[in-house]
Amino acid sequence: MASCICASHSSLFHDRHYVSTSISSSFSLRNFKFPNAASSHKSLSLHSKASQALHQDAASHDPDANSLSLSKTRIWVNPNSPRAKHLQPKSPSARYSYLARLTESLNSCTPSAQHVSTILKGLRDNVSERDAVFILDKMTNPETAPFVLGHFRDKIKPSTDKEVILYNATLKAFRKSRDFEGAEKLFDEMLQRGVKPDNITFSTLINSARMCALPDKAVEWFKKMPSFGCEPDAMTCSAMVSAYAQTNNVDMALSLYGRAKAEKWSLDASTFSTLIKMYGVLGNYVECLRIFGEMKVLGVKPTVVTYNTLLGSLFRSKKSWQAKNVYKEMISNGVSPDFITYATLLRIYAGAQYREDALSVYKEMKGNGMDMTVDLYNRLLDMCADVGCIEEAVEIFEDMKSSGTCQPDSLTFSSLITVYSCNGKVSEAEGMLNEMIQSGFQPTIYVLTSLVQCYGRAKQTDDVVKIFKQLLDLGIVPDVYFCCCLLNVMTQTPKEEFGKLTDCIEKANTRLGSVVRYLVEGQEGDGDFRKEASELLNSIDFKVKKPLCNCLIDLCVSLNAPNRARDVLDLGLMLEIYKNIQSRSETQWSLHLKKLSVGAAITALHVWINDLSKALESWEDLPPLLGVNTGQGKHKYSDKGLASVFESHLRELNAPFHQAPDKAGWFLVTKEAAKSWLESRGSAETIDDLNSQVSGASTVALQYQ
DNA sequence: GTAGGGTTAG
């Protein structure tokens, strides 16, 4: 109750006090006009804001109040009278609040000596240095701050060794508003007035430069220090470690980091974070971990930023599997994850297709009331398309639309169309395409590629052709991926309809058109085929060479042309599109089929079996173990992964390979079992048997890697 | 609460 009474009293006092001073000095009463005609909107709003501020401030602090103040009568108090001075807040906390409110007025006032001195009139002439520093330290307006500095300099008349303190405090206003040029100008003024800068001056300038994204300026100022008789200390050193880290100047960052360690200067978590980020940007996660380890050894506690930086480095270096451990450590150290933590984890998990982990991060974010961004939704949906979780994708899409914080964009629709296309949901894919167009987005090549897959799978060849026409009508140039899809559709299409598809392929890529004609028309003449195929492969970008090879081999297989399939595989090996498919060590010979399409993998298997038979025939000794690595991945547009296709294929071949229980994606056989199987096959069996054995490969999917 | 101090994702 008592505090309420106090509040009214002092607020009345301050309100009146302030308004009267401002009107009497900064405006002549005669010229004063009301807001609509005010000469300066800025200063006017300042006054009302400031008076309100002072009002509120005093409302909670004046200890000298009494019940008389309940009266709403407004009393004029001349601020220049001894009484006004007497009535200034006395208790330290009231004093701080009072000064803070004055600063607020200064920050929003017109930058002129007159306005500034009007606001500061209440402090009268005997301003203490402490008060001046307090106010300057809180200044955020770099235009006004120099006038405030000038005012205090006139009132206090400090010696130059005290004046540097006022300058240093003023410099902060430039840092806060990211005005580095202004800071440099103030530095010049300082020198002109004969004030000697100190380490605080430099560390303020260095950090200003960094905050203004001018790390080179930070270096420049750091180098100036000795010429002013300043030697780097813990604070400047720490700022410079970060500045050098920011410019990826590893050597300098490390050398200053070393110096800090040698001098036993303590660096804090944020400096370590910048070092970790430096290595993260360079993709060197090992060094990130080393710095992280040293930080802990030196007794510096990692913060949420440190962990976020570490996770960001993991994301960049694609070491997704380590993310869970970093997160676990973070939690066990009592550091709470924030939005960036979750966003980074989600990007890592979604990118690595860790379905459950990505979805659980999403649920946790929702549970914590965090807003997802379009990018995060899209990454999740993209993952859903890759791993084929259709229900989750639809649920996430609905959540996105109702979130109110973001709207689906072109990528969102693209992912959903892919989700439906991969799962053979033709009408849903078409519906989503319509929704996309209605939302104002044109179909992209990604969308049209998905739809080609979708119609191909549904054996709607005419619709595939329709999509191809649409692509051309939109002025989109078909790319190699799109052509791969057309080839893939061919493997699922009856021969009678080939013409419709080869027409499209020829229009899309002439070279590919003639290669396909060779295959379809079963033309002989190896030399020409290999020449055409290698010209084709040489004409395209490296990253699409493997998908195209995969698709061509799949087409050969589906056309019952195993020798052509081998030709293309050979060509792929020769051009180093496929590498290290076979490997031999003393203990194991292996066949590595990851990232090969089913047709390519089966072709490579038969080549391998042939090579093993030859080895046996020439009395070469087999190693104790033979293995085939298919990987565990699932084909985007097929229900099965390579592993399950292989399992049944190996069974058809009667091959004694068995899935390794402790090594997922591996099929193993012992030397003895392999030998007796190969011998039982006899030398008569050759690669030509491939034809009858690859019927399962006709549902081969395109591999995007 | 009275001159130094920021860092993290895409």
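Residues numbered from 1 in each chain as written. Chains lettered and ligands numbered in written order. Predicted model: local features only at pLDDT ≥ 70, side-chain atom pairs only at ≥ 80, totals over all residues. Heavy atoms only, no water.

Peer 1: Which parts of the structure should I look at to understand the overall build of chain A?
Peer 2: In terms of regular secondary structure, chain A is built from 35 helices and 5 strands. Per-residue burial over chain A gives 50% buried out of 705 residues. In chain A, the share of contacts with a sequence separation of at least 24, taken over all contacts with a separation of at least 6, comes to 69%. (Helix = DSSP H or I, 4+ residues; strand = E, 2+ residues; numbered from the N terminus. Buried < 20%, exposed > 50% of the residue type's maximum accessible area, 1.4 Å probe, protein only. Contact = heavy atoms within 4.5 Å.)

Peer 1: Can you help me understand the packing of helix H16 (residues 304-317) against helix H17 (residues 323-332) in this one?
Peer 2: Two packed helices can be described by the angle between their axes and the distance between those axes. Look at H16 against H17: their axes get within 10 Å of each other, and the N-to-C directions meet at 175 degrees. By the angle between their directions, the pair H16 and H17 is classed as roughly antiparallel. Each of Val304, Tyr307, Asn308, Leu310, Leu311 and Leu314 in H16 lies in contact with H17, whose residues at this interface are Ala323, Val326, Glu329 and Met330. Residues of the contact of H16 with H17, tallied by class, amount to 8 nonpolar, 1 polar and 1 charged. (Axes fitted to C-alpha atoms, helices over the stretch in contact; angles between N-to-C directions. Parallel < 35°, antiparallel > 145°, perpendicular 65-115°, else oblique. Nonpolar A, V, L, I, M, F, W, Y, C, P; charged D, E, K, R; others polar.)

Peer 1: Please clarify how the pattern of salt bridges should be interpreted in this entry.
Peer 2: Pairs can form between side chains of opposite charge once their charged atoms are near each other. Inspection of the entire model under this criterion finds 30 salt bridges. Of the charged contacts, one joins Lys296 and Glu329 as a salt bridge, the two residues approaching to 3.0 Å between their closest N and O atoms. In this pair, Lys296 sits in helix H15 (residues 285-297) while Glu329 sits in helix H17, placing the two residues 33 residues apart along the sequence. Lys296 gets classed as partly exposed once you look at its relative accessible area, which sits at 34%. For Glu329, a relative accessible area of 25% puts it in the partly exposed group. Of the charged contacts in the structure, one is a salt bridge between Asp357 and Lys324, with a shortest N-O distance of 3.1 Å. Taken together, the residues Asp357 in helix H19 (residues 355-367) and Lys324 in helix H17 connect sequence positions 33 residues apart. (Salt bridge = Lys/Arg side-chain N within 4 Å of Asp/Glu carboxyl O.)

Peer 1: What is the right way to read the protein's contact with DNA strand B from this model?
Peer 2: Taken together, 40 residues sit near DNA strand B, with Tyr96, Lys172, Arg175, Asp268 and Ser270 positioned nearest. A share of 38% of the atoms of DNA strand B within 4 Å of the protein falls on sugar and phosphate groups. In this structure, Asp198 approaches DNA strand B through a side-chain N or O atom, which is 3.0 Å from a base nitrogen. Arg347 is positioned with one of its side-chain polar atoms (N or O) 3.5 Å from a base nitrogen of DNA strand B. Going through the elements one at a time, helix H4 (92-107), helix H6 (129-138), helix H8 (160-176), helix H10 (199-211), helix H12 (234-246), helix H14 (269-281), H16 and helix H18 (339-351) are the ones with two or more residues in the surface near DNA strand B. The leading source of residues in the surface near DNA strand B is H10, at 7 residues. Here the residues of the surface near DNA strand B sort into 12 nonpolar, 16 polar and 12 charged. (Near = heavy atom within 4 Å. Polar contact = N/O pair within 3.5 Å; in protein donor to acceptor, adjacent residues only side chain to side chain.)

Peer 1: Would you take a moment to explain the sheet that holds strand E4 (residues 658-659) for this structure?
Peer 2: Pairing between the strands of a sheet is mediated by backbone hydrogen bonds and can be parallel or antiparallel. Taken together, the 5 strands give an open sheet; going across it, the order is E1-E2-E3-E5-E4, and neighbouring strands pair in mixed fashion. A strand with exactly one partner marks an edge of an open sheet, and here the two such strands are strand E1 (582-584) and E4. With 5 bridges joining them, strand E2 (residues 588-592) and strand E3 (residues 625-629) adopt parallel strand pairing. Bridge pairing links Ser590 to Gly627 in E3. Of the strands in this sheet, E3, E4 and strand E5 (666-670) are in contact with helix H33 (residues 642-652), which crosses E5 at around 30 degrees. Packing against the sheet, helix H34 (residues 671-681) makes contact with E3 and E5, and its axis sits at approximately 80 degrees to E5. (Pairing = 2+ DSSP bridges.)

Peer 1: How should I be thinking about the confidence of the model for chain A in this particular structure?
Peer 2: Detailed reading of the predicted coordinates is not advisable wherever pLDDT is low. The pLDDT averaged across chain A works out to 84; a share of 82% of its residues lies at or above 70. Across chain A, element-level confidence peaks in H18 with a mean pLDDT of 97 and bottoms out in helix H1 (residues 2-26) with 30. For the stretch residues 1-87, pLDDT sits under 50, and the model shows 104 contacts to residues farther than four places along the chain or on other chains. For the stretch residues 686-705, pLDDT sits under 50, and the model shows 62 contacts to residues farther than four places along the chain or on other chains. (pLDDT = per-residue confidence, 0-100.)

Peer 1: What is the right way to read the state of the cysteines from this model?
Peer 2: Here is the idea: a disulfide is a covalent bond, and it sits between the sulfur atoms of two cysteines. Evaluated as defined, the whole model comprises 0 disulfides. In this model Cys454 remains outside any disulfide bridge; the closest cysteine sulfur is found in Cys422, 8.8 Å from its own. (Disulfide = S-S within 2.5 Å.)

Peer 1: Is there a simple way to think about the pairing of E2 in this case?
Peer 2: Consecutive residues of a regular strand have side chains that alternate between opposite faces of the sheet. In terms of residue burial, E2 counts as a mostly covered element, since 4 of its 5 residues are buried. As defined by bridge partners, E1 adjoins E2 across 3 bridges and the pair is classed as antiparallel. Paired with Ser583 across the two strands is Ser590, which belongs to E2. Between E1 and E2, which pair antiparallel and follow one another directly, the connecting turn spans 3 residues. In the classification by handedness, the crossover that spans E2, the intervening helix H32 (residues 598-617) and the parallel E3 is right-handed. (Right-handed = clockwise from strand over helix to strand, strands pointing away.)

Peer 1: Is there a simple way to think about the nonpolar core in this case?
Peer 2: Soluble globular proteins tend to bury their nonpolar side chains together. Counting 202 residues, the largest nonpolar core has Ile135, Leu548, Leu593 and Phe646 as its most contacted members. Excluding residues within four positions of it along the chain, Phe646 makes contact with Leu593, Ala601, Ile602, Leu605, Val628, Thr630 and Phe667. (Core = buried A, V, L, I, M, F, W, Y, C linked by side-chain atoms within 4.5 Å.)

Peer 1: Can you help me understand the packing of aromatic side chains in this one?
Peer 2: Scanning all chains against the criterion turns up 15 aromatic pairs. Arranged with centres 5.4 Å apart and planes meeting at 20 degrees, the rings of Tyr96 and Phe134 form a pair that is stacked. With Tyr96 in helix H4 and Phe134 in helix H6, the pair connects residues that are 38 residues apart, well separated along the chain. Ring plane angle 65 degrees and centroid distance 5.9 Å describe the contact between Tyr518 and Phe529, whose orientation is recorded as edge-to-face. Here Phe529 lies in helix H29 (residues 526-538) and Tyr518 lies in helix H28 (residues 510-521), a separation of 11 residues in the sequence. (Phe/Tyr/Trp six-rings, centres within 6.5 Å; stacked < 30°, edge-to-face > 60°.)

Peer 1: Help me understand helix H11 (residues 215-224) in this model?
Peer 2: An α-helical segment advances 3.6 residues per turn. Residues three or four places apart therefore align on the same side. Turning to H11, its buried residues are Pro215, Ala218, Val219, Trp221 and Phe222. Down the axis, H11 shows its buried residues gathered within 165 degrees of arc, on one side only. Facing away from the buried side of H11, by more than 90 degrees, are the exposed residues Asp216 and Lys223. In this structure, the buried side of H11 is in contact with helix H9 (180-192), H10, H12 and helix H13 (250-262). (Arc of directions from axis to C-beta.)

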